[in-house]
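Fold and contact review
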Amino acid sequence: MTTVEIEAWLREDDPVRLEELWAWADRVRREHVGDEVHLRGLVEISNYCVRSCAYCGLRAGNRRLTRYRMTAEEVLACARQAVAYGYGTVVLQSGEDYGMTRDWLADLIRRIKAETTLAVTLSLGERPEADLAAWREAGADRYLLRFETSDRALYDRLHPPRPGQARSDRLALLDRLRELGYEVGSGVMIGIPGQTYASLARDVALFRELDLDMVGVGPWIAHPQTPLGGKSRVTGRESRVATEQARAWLPGLPQWEQVPNTEEMTYKVIALTRIVCPEANIPSTTALATVNQASGRELALARGANVVMPNLTPPRYQALYEIYPGKACLAETAEAGHRRLLEQIRRLGRTVGKGSGSRRKRASVFLRDT
Ligand code: SAH
Ligand code: SF4
């Protein structure tokens with residue numbers, strides 16, 4: 001599929017054509033990664049962050065947020081919970097928090113790997129290469145780092161450098177992560193202010209060029225304590241309020257070029273990603289479940305996704321990990337969420353994935369490389 005075709009699908013709004021897209025993505029998903037849904041237990045280990053991303057509630061400038069950092073024992077208890085629920089992976093996520101030192105985290109990774117058979121995925125921002133190497137050495141298997149947008153100028157605006165530091169280059173860091181032997185995941189937000197249809201089509205094409213093992217996408221959700229501002233919900237009038245505030249901050253983009261941060265646009269990107277990256281692990285993200293609490297997760301699984309990341313963070317911390325407001329998972333306990341998830345997977349006629357759920361590359365891919 002060419003970038004022009006991807007863009008045409010992003011602009012498609014004929015419901016009959018979209019049904020064809022969902023069915024196509026579901027077929028590709030079944031043929032390439034099967035019916036298993038892999039479960040990864042998410043642990044939000046710290047909400048400190050040195051960065052000032054214009055979209056994110058954890059940004060350093062948000063003084064209204066109470067900050068926390070979990071202890072190693074608390075994180076280990078969550079990893080044990082992941083084992084008890086039968087998950088194959090634990091995902092450790094945080095702001096870019098240098099209070100969490102290289103050695104502390106390396107030790108924690110070693111303890112998880114010694115005590116469990118879990119795969120360990122990290123999502124800790126743009127840490128120096130020596131940190132990333134030490135954590136890989138300690139046994140971390142995967143790293144998630146979204147490039148957020150392939151539009152360089154927009155990226156620089158939304159994701160400014162740390163004071164006195166070079167401009168951020170997440171694409172270069174993804175290369176380094178791969179060289180270090182990590183399985184690499186990336187992704188973007190859908191409908192971030194300033195995102196055009198053409199740039200989102202290039203994002204999807206870039207997922208394929210980067211040969212990503214995992215691709216996570218979710219709608220941008222306005223956070224009032226950020227420069228993009230706005231209300232928490234992405235429906236109806238409130239969405240327009242958010243867009244107007246963002247437009248004042250990021251002038252110049254005609255309204256018809258702006259990608260909307262809707263649920264449907266997110267499904268389009270999930271489906272197209274499955275079609276262009278048939279073997280990738282693609283999560284049904286929490287941001288999507290936040291905009292449609294009733295059926296967002298299931299619809300994504302039926303339109304190309306094959307991974308869910310249930311939140312195992314203790315509730316008192318989860319409430320403070322406010323990247324965006326109104327996170328879906330907070331509505332229920334981990335136990336209730338776990339039971340509901342198993343029921344959803346069963347209803348879809350799918351099965352819970354066994355093992356760590358690493359990306360399976362087809363033999364032909366290896367043959368081509370040798
Ligand atoms: N600090 C790390 C990991 C935590 S942020 C990092 O930045 O990589 C994880 C992801 O949350 C980001 O990559 C971004 O795509 C997403 N995110 C941040 N703010 C958001 C918002 N307001 N709405 C939706 N997604 C958001
Ligand atoms: Fe920090 Fe990540 Fe939020 Fe940026 S997106 S402010 S790096 S937590």
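All figures in this text were calculated on a predicted structure; none of them were measured in a lab. (Residues numbered from 1 in each chain as written. Chains lettered and ligands numbered in written order. Predicted model: local features only at pLDDT ≥ 70, side-chain atom pairs only at ≥ 80, totals over all residues. Heavy atoms only, no water.)

A few points about the pairing of strand 2 (residues 89–94)
Within a regular strand, side chains alternate between the sheet's two faces. As a reminder of what qualifies: Buried, partly exposed and exposed residues are distinguished by accessible area as a fraction of the type maximum, computed with a 1.4 Å probe on protein chains only: under 20%, between the cut-offs, and over 50%, respectively. Elements are defined by DSSP. Helices are runs of H or I of four residues or more, strands are runs of E of two residues or more, and each kind is numbered from the N terminus. We call two strands paired when DSSP finds no fewer than two bridges between them. Think of it like this: strands point away, you trace from the first strand over the helix to the second, and a clockwise trace means the crossover is right-handed.
Burial runs high along strand 2: six of the six residues are buried. Burial of the side chains of strand 2 extends over both faces: T89, V91 and Q93 are buried on one face and V90, L92 and S94 on the other. The pairing of strand 1 (residues 36–46) with strand 2 spans six bridges and is parallel. In the strand pairing of strand 2, S46 is matched with S94. After leaving strand 1, the chain enters helix 3 (residues 72–84) and then returns to the sheet as strand 2, a path that is right-handed. Where strand 2 lies against strand 3 (residues 119–123), five bridges are found, and the strand directions are parallel. Pairing of T89 across the sheet is with A119, part of strand 3.

Some points on the site of ligand 1
Rules: When we say a residue is near a molecule or strand, we mean one of its heavy atoms is within 4 Å of it. N or O atoms within 3.5 Å of each other form a polar contact, as long as, within protein, one can give a hydrogen and the other can take it, and as long as residues adjacent in sequence are counted only when both atoms are side-chain atoms. For the accessible areas, the method is Shrake-Rupley and the probe is 1.4 Å, while residue cover comes only from the protein chains on display. Three classes are used, and their members are as follows: Ala, Val, Leu, Ile, Met, Phe, Trp, Tyr, Cys and Pro are nonpolar, Asp, Glu, Lys and Arg are charged, and the others, Gly among them, are polar.
Around ligand 1 lies a shell of 17 residues, among which Y55, S94, R146, E148 and I221 are the nearest. Residue R170 places a side-chain N or O atom 3.0 Å away from an oxygen atom belonging to ligand 1. About the coverage of ligand 1: the protein hides 92% of its 540 Å² of free accessible area. Taken together, the residues of the shell around ligand 1 break down into nine nonpolar, five polar and three charged.

Topic: empty space enclosed by the protein
Defined as follows: A 1.4 Å probe that fits into a set of points on a 1 Å grid over the protein atoms alone but cannot get out defines a cavity; an open set with protein on both sides within 12 Å along at least five of seven lines defines a pocket, and lining residues are those with an atom within 4 Å of a point. Grid points are joined across faces, edges and corners, and a volume is the space filled by probe spheres set on the points.
Within this structure, the stated rule accounts for two cavities of 30 Å³ or more. The volume enclosed by the largest cavity comes to roughly 60 Å³. Looking at the largest cavity, the residues that line it are P193, G194, T243, A246, R247, L250, L253 and Q258. Looking at the lining of the largest cavity residue by residue, the class counts come to four nonpolar, three polar and one charged.

Things to note about the nonpolar core
Cut-off, in case you're wondering: Put simply, a nonpolar core is a bunch of buried Ala, Val, Leu, Ile, Met, Phe, Trp, Tyr and Cys residues held in one set by side-chain atoms that sit within 4.5 Å of each other.
Judged by nonpolar contacts, the single largest core of 100 residues is most densely connected at L92 and L122. In terms of nonpolar packing, the next biggest core, distinct from the first, is built from six residues, L42, V91, L144 and V307 among them.

Details of the site of ligand 2
Residues in contact with ligand 2, as listed here, are C49, R51, C53, Y55, C56, L58, R59 and G95. Per-class residue counts for the shell around ligand 2 are five nonpolar, one polar and two charged.

So, the environment of P260
The cut-off we apply is this: Any two residues whose heavy atoms approach within 4.5 Å are treated as being in contact.
For P260, the position within the fold is in the loop between helix 9 (236–249) and helix 10 (263–276). With relative accessibility at 30%, the residue P260 sits in the partly exposed group. Between the alpha carbons of P260 and V75 there is a distance of 36 Å; along the sequence they are 185 residues apart. Setting aside anything within four residues of it in sequence, one finds P260 in contact with I190, G191, Y197 and M265.

Topic: the packing of aromatic side chains
Note the cut-off: Working definition: rings of Phe, Tyr and Trp (its six-membered ring) pair if their centres are within 6.5 Å, and the pair is stacked with planes under 30 degrees apart, edge-to-face with planes over 60 apart, and tilted otherwise. Whether a charge sits over a ring depends on NZ of Lys or CZ of Arg being within 6 Å of the ring centre and within 35 degrees of the ring normal.
Tallied over the entire structure, the rule returns six aromatic pairs. When the centroid spacing of 6.3 Å and the interplanar angle of 80 degrees are considered together, the rings of W22 and Y267 count as edge-to-face. With a gap of 245 residues between them, W22 in helix 2 (residues 15–33) and Y267 in helix 10 connect regions that are remote in the sequence. Grouping residues by exposure puts W22 and Y267 together as buried. Arranged with centres 5.6 Å apart and planes meeting at 45 degrees, the rings of Y85 and Y87 form a pair that is tilted. The same class applies to Y85 as to Y87, namely buried. The ring of Y48 is capped by R69, whose NZ or CZ atom sits 4.4 Å from the centre of that ring.

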